[in-house]
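# Remarks on the overall topology
Here is what each chain is made of, one letter per residue.
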Amino acid sequence: MSIESLGQLESRLQNLIDKLELSRMEVEDLRSANTRLEEENIQLKQELAAWGERVTSLLGKLDIVTEEDDARENEAVA
């Protein structure tokens, strides 16, 4: 192998090493973002569940009011 060929090989290897390092950094950034998004997803699911409970509670109260109104109307008719 000539000096020129070794120089080209060294240059290519350095380019590959640089690309590998950039890829590693990108993977780490993506892992970090993924962790953050998973935590946010958990929080949003908890909030959704809380809102679902509130809506169910309000619908239950609305049913009670509706039943009371129906009972009053039936008493007024009788």
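Look up a bit, the structure's there.
Here goes a summary of the coordinates provided. (Residues numbered from 1 in each chain as written. Predicted model: local features only at pLDDT ≥ 70, side-chain atom pairs only at ≥ 80, totals over all residues. Heavy atoms only, no water.)

### Points about the overall build of the protein chain
Within the protein chain one finds 1 helix and 0 strands. Its C-alpha radius of gyration of 33 Å places the protein chain more than 25% over the 12 Å reference for a compact globule of 78 residues. The proportion of buried residues among the 78 residues of the protein chain is 0%. Approximately 7500 Å² of the protein chain is accessible, and the part contributed by carbon and sulfur atoms is 57%. (Helix = DSSP H or I, 4+ residues; strand = E, 2+ residues; numbered from the N terminus. Rg over C-alpha atoms; globule rule 2.2 N^0.38 Å. Buried < 20%, exposed > 50% of the residue type's maximum accessible area, 1.4 Å probe, protein only. Areas by Shrake-Rupley, 256 points an atom, 1.4 Å probe, with all protein chains shown as cover.)

### Describing a nonpolar patch on the surface
Taken together, the side chains of Ile3, Leu6, Leu9, Leu13, Leu16 and Ile17 make up a nonpolar region of the molecular surface, amounting to roughly 600 Å² of accessible area. Within the secondary structure layout, Ile3 lies in helix α1 (residues 3-77). Relative accessible area serves as the criterion here: at 71%, Ile3 is assigned to the exposed category. (Patch = residues over 30% accessible without salt bridge, like charges linked within 9 Å, V, L, I, M, F, W, Y side chains within 5 Å. Salt bridge = Lys/Arg side-chain N within 4 Å of Asp/Glu carboxyl O.)

### Quick look at the environment of Arg12
Structurally, the position occupied by Arg12 is in helix α1. For Arg12, a relative accessible area of 60% gives the class exposed. With 54 residues separating them along the chain, Arg12 and Thr66 place their C-alpha atoms 78 Å apart.

### Quick look at the environment of Ala33
Inspection of the secondary structure puts Ala33 in helix α1. As a C-alpha pair, Ala33 and Glu75 span 42 residues in sequence and 63 Å in three-dimensional space.

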